[in-house]
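Residue-level structural notes
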Amino acid sequence: MVKMSLDPVQVMSGQVTELKVAPSSNGDSRGSWEEKEEFDQDHLGLTAKPKPPKPENAVTIAVSSRVLFRTEREQKVFEQKGVEEYLRYQIEHENEPFAPGPAFPFVKALEAVNSRLRELYPQSEELFDIVLVTYNHAHVGIRLINTINHHNLFIERFCMTGGSSPIGYLKAWHTNLYLSADADKVREALAEGIAAATMFMPEKLTEVSQSQLRVAFDGDAVLFSDESERIFKAHGLDKFFEHERENEDTLLDHGPLKGFLEALGKLQKKFYAKGHRLDCPIRTFLVTARSAASSGIRALKTLRAWGLEIDEALFLAGAPKGPMLEKIRPHIYFDDQMFHVEGAAEMGTIAAHVPYGIAQKHNAKQNTGVRK
Amino acid sequence: MVSTVQNTDVKQKESDHAVVVAVASRAVFEPEAQGGDNVYAEGVAFPLLQALQKVNERLLEENSAESLLFDIVLITTDSQQQQQSSHLISSTKHYGLEVSRFCFSTEEDFIESLLQNNVQLFLSTDRNEVSQTSQKGVLSALLDEYTTSCPSEQLRVLFCRDAVIRPDTNPTPASRQAAQSFSAQLGKMRQRFGMSDSPLSIALMTSCGGRDSCGGALRTLRSLGISVDEAYCLAGSPRGPILSVLRPHFVLSDCFSGLED
């Protein structure tokens, strides 16, 4: 197992040119986002709090109520007694806020990044926008609003669809990442090209940073497509290595979370532009079973060609991911294999499952032991 | 001159308890197109009428003696339409629409006709008509591009807070009263059904305000006896994309006017 801590000055990110910043105060960045400086004089109601950004300018993170908060008790009422009783229960307990769920630390970290961004770029709308997208019934609405107020979260947008699919609304809000407890909804979102993952509540939670957002990604079938995994599953490890060696200079195809890493990278560059490279409040990690000396090279070359920096790449060469993740302490770790998600959760890491690619067909059959 | 004709194919509703909804004939039938046999082609409000009928059907399934039903009236709003009265009647019967009566009026007297018929909701595709009737205290809603492509299996009503739909008119106290009483009846109808598989779905949207604005609106509706199924808080994000997914049949915004944020 090799840990390579890549300083952006080194090999991988040699491609990235430093952002040239115009002398104007708001630090417009280049790229596909359009910077709109607007004072909306007609704006109603939100004078005390900062105004939420336009969806197309922001990095929109949609979370469902079951991952933002803990709702196990209410779930049980729903499963055992049906929807009418469930809603009655919710209304009865309307003034009792829910406890934080698995996505809560992640959302808090996003807000911490937003505070830093607002300090540096007061007019910019290139921020995280956290929206609550739930197919819960609006009867639960007041309790959810009370809970958001109680925890002092900055969530001003939500959809409670009362049972219909939330996917259309995710698209309407240009959602960059969708987190839910429902694997079917997550699969639907992935099929529509929206980065999505299923979250689970770990039994114990290791403490995570309050000031730096730390996001970790698996490589194959998460950042990259599952093409190499298919080779491994069909033909075994040796064939996998051979294939990777032969195709070292061919870029891997992109995976469902590449776009989200890209969005994080754009925000990171805004901090670098103001001299905050060393204390950047966003840090990204690649945690892959590939080996540094061999199959990992193709991964790095692909990232470089995409113009994506990743702060730390950890090549485990097949070793378990749990202990490494426990050291990294990400706010969220994305993996396509439930085996790794569960392994991470056992050690207190909040892991999210990306139900994408060839691994899903094998998930049900395998339980232990099979690793790349 | 206004004439009112009953539709003999349809059982008349009890006037004390029914909710009278008048729909402009130009919205129900395509005035230019002919389906052949002196029958008009379906207009943009057709799915809306079917959805209203569906609600009535299900209400009667729950209780065959139910009197809280939609009482649908077809109204002409100009003399050209007024002259097509026989075609309108035959087209209505041809499609088996549950229209109880027809009001044949002109642009001068259609508002009077609405008031005489105790209309609680007027729906039209014409912005001016809606504006005029609203100013006279009749609850009115505009059928626009977002509301005209909805399916007919479920009536979808959207309450919208703080959206500037008709910037030139401020709802009068009379129209706010009309809004609240119609809404309360809608709320009662909704209560006749369970949480899932309801033929009527009530949604709330707040356009500009944030979560507290939406929370306040939920509480207001609750105090009027209206349980909302779906809630959308936009906090300034564009309405169009959300409305395209939401697909309400019509939008009511007068319930909240005058309430402070």
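Residues numbered from 1 in each chain as written. Chains lettered and ligands numbered in written order. Predicted model: local features only at pLDDT ≥ 70, side-chain atom pairs only at ≥ 80, totals over all residues. Heavy atoms only, no water.

For chain A, the name recorded in an unreviewed UniProt entry is 5'-nucleotidase, cytosolic IAa, with Acanthochromis polyacanthus as its organism.

Assigned secondary structure in chain B consists of 9 helices and 12 strands. Per-residue burial for chain B yields a buried fraction of 57% across its 261 residues. For chain B, the exposed area adds up to about 10500 Å²; of that, 45% sits on carbon and sulfur atoms. (Helix = DSSP H or I, 4+ residues; strand = E, 2+ residues; numbered from the N terminus. Buried < 20%, exposed > 50% of the residue type's maximum accessible area, 1.4 Å probe, protein only. Areas by Shrake-Rupley, 256 points an atom, 1.4 Å probe, with all protein chains shown as cover.)

This brings us to the pairing of strand β11 (residues 312-315) of chain A. Residue and element names in this part refer to chain A. Here β11 shows a buried face lined by Glu312 and Leu314 and a second buried face lined by Ala313 and Phe315. Summarising the sheet, strand β10 (residues 282-288) and β11 pair through 4 bridges and their orientation is parallel. Within the sheet, the bridge partner assigned to Thr288 lies in β11 and is Phe315. Following the chain from β10 across helix α12 (residues 295-305) to the adjacent parallel β11, one finds a crossover that is right-handed. (Pairing = 2+ DSSP bridges. Right-handed = clockwise from strand over helix to strand, strands pointing away.)

Before going further, it helps to examine the packing of aromatic side chains. By the definition in use, this model includes 15 aromatic pairs over all chains. Aromatic pair Phe69 of chain A and Phe98 of chain A: ring centres 6.0 Å apart, planes at 20 degrees, arrangement stacked. Note that Phe69 of chain A is positioned in strand β3 (residues 69-70) and Phe98 of chain A in the loop between α3 (83-92) and β4 (99-100), a separation of 29 residues in sequence. An angle of 75 degrees between the planes, with centres 5.0 Å apart, marks the rings of Phe46 of chain B and Tyr95 of chain B as edge-to-face. Taken together, the residues span a long stretch of sequence, with Phe46 of chain B in helix α2 (residues 46-62) and Tyr95 of chain B in helix α4 (residues 85-95) at a distance of 49 residues. Using a relative accessible area of 2% as the deciding quantity, one classes Phe46 of chain B as buried. For Tyr95 of chain B, a relative accessible area of 26% translates into the label partly exposed. Three or more aromatic residues link up through ring pairs in this structure, and these residues are Phe29, Tyr40, Phe46 and Tyr95 of chain B. One cation-aromatic arrangement involves Lys274 of chain A over Tyr121 of chain A; the distance from NZ or CZ to the ring centre is 4.8 Å. One Lys or Arg, Arg277 of chain A, reaches over the ring of Tyr272 of chain A and ends 3.9 Å from the middle of that ring. (Phe/Tyr/Trp six-rings, centres within 6.5 Å; stacked < 30°, edge-to-face > 60°. Lys NZ or Arg CZ within 6 Å of the ring centre and 35° of its normal.)

A few words now on the domain arrangement of chain A. All names here are of chain A. What the domain assignment lists for chain A is domain 1 (55-198) and domain 2 (213-369). Distance from the C-alpha centre of domain 1 to the C-alpha centre of domain 2: 25 Å. Taken together, the contacts link 25 residues of domain 1 with 26 residues of domain 2. Taken together, both faces of the contact between domain 1 and domain 2 bury some 2200 Å²; the carbon and sulfur share is 76%. Between the two partners, domain 1 and domain 2, sit 2 salt bridges. The partner of Arg116 in a salt bridge is Asp279, and the shortest N-O contact between them spans 3.7 Å. Linking domain 1 to domain 2 there are 5 residue pairs in polar contact (both at pLDDT 80 or more). Elements represented by at least two residues in the side of domain 1 that touches domain 2 include exactly β2 (59-63), α4 (104-120), β7 (175-180), α7 (183-191) and β8 (196-199). The element best represented in the side of domain 1 that touches domain 2 is α4, accounting for 8 residues. Along the lines of polarity and charge, the residues of the side of domain 1 that touches domain 2 split into 19 nonpolar, 3 polar and 3 charged. (Domains from an automatic or database assignment. Contact = heavy atoms within 4.5 Å. Buried area = accessible area lost by both parts, 1.4 Å probe. Salt bridge = Lys/Arg side-chain N within 4 Å of Asp/Glu carboxyl O. Polar contact = N/O pair within 3.5 Å; in protein donor to acceptor, adjacent residues only side chain to side chain. Nonpolar A, V, L, I, M, F, W, Y, C, P; charged D, E, K, R; others polar.)

The subject of this paragraph is the interface of chain B and chain A. Contact with chain B, which involves 29 residues of that partner, is made by 35 residues of chain A. Between chain B and chain A the total buried area reaches about 2700 Å² when both faces are included, carbon and sulfur atoms providing 58% of it. Arg211 of chain B is the partner of Glu156 of chain A in a salt bridge, and the nearest nitrogen-oxygen pair spans 3.3 Å. The tally of links between chain B and chain A comes to 16 residue pairs in polar contact (both at pLDDT 80 or more). Elements supplying a minimum of two residues to the side of chain B that touches chain A: α8 (211-223), β11 (230-233) and α9 (239-246) of chain B. Among the elements that line the side of chain B that touches chain A, the one with the most residues is α8 of chain B, at 7 residues. Tallied by class, residues from the side of chain B that touches chain A come to 15 nonpolar, 7 polar and 7 charged. Strand direction decides the pairing type here: strand β6 (residues 157-160) of chain A and β11 of chain B, joined by 3 bridges, are antiparallel. Bridge pairing in β11 of chain B links Phe158 of chain A to Cys233 of chain B.

Residues and elements named next belong to chain B. Sheet architecture is open: 6 strands sit in the order β1-β6-β5-β2-β7-β8, paired in mixed fashion. Both edges of this open sheet fall to β1 (3-6) and β8 (140-142), since each of them pairs with a single strand only. Across this sheet, the average inter-strand angle for adjacent strands is 25 degrees, counted without regard to direction. With 3 bridges connecting them, strand β2 (residues 19-24) and strand β7 (residues 121-124) associate as parallel partners. (Axes fitted to C-alpha atoms, helices over the stretch in contact; angles between N-to-C directions.)

The tally for this structure, following the rule as stated, stands at 34 salt bridges over all chains. Ionic pairing is found between Asp9 of chain B and Lys93 of chain B, a salt bridge with its closest N-O pair at 3.9 Å. Of this pair, Asp9 of chain B sits in the loop between β1 and β2 while Lys93 of chain B sits in helix α4, placing them 84 residues apart in sequence. Looking at Asp9 of chain B, the relative accessible area reads 53%, which means it is exposed. Residue class for Lys93 of chain B comes out partly exposed when judged on its relative accessible area of 33%. Here Arg192 of chain B ties to Glu66 of chain B by a salt bridge, and the two come within 2.7 Å at their closest N and O atoms. Linking Arg192 of chain B in the loop between α7 (173-191) and β10 (200-206) with Glu66 of chain B in the loop between α2 and β5 (70-76), this pair joins segments that are 126 residues apart in sequence. In this structure Arg192 of chain B comes out as partly exposed when scored by relative accessible area, which is 35%. Taken together, the shared-partner salt bridges in this structure form one network comprising Asp220, Glu227, Glu244, Arg290 and Arg298 of chain A.

What follows concerns the confidence of the model for chain B. For chain B, mean pLDDT is 87; residues scoring 70 or higher make up 90% of the total. With a pTM of 0.86, the predicted complex shows an ipTM of 0.89. (pLDDT = per-residue confidence, 0-100.)

So, about unusual backbone geometry. Residues and elements named next belong to chain A. The backbone of Asn152 sits at a positive phi, close to 55 degrees, despite the residue not being glycine. Along the chain, the position of Asn152 falls in the loop between α5 (141-150) and β6. The backbone of His174 shows a phi angle near 50 degrees, a positive value even though the residue is not glycine. In this structure, His174 sits in the loop between α6 (167-172) and β7. Overall, the relative accessible area of 43% leaves His174 in the partly exposed class.

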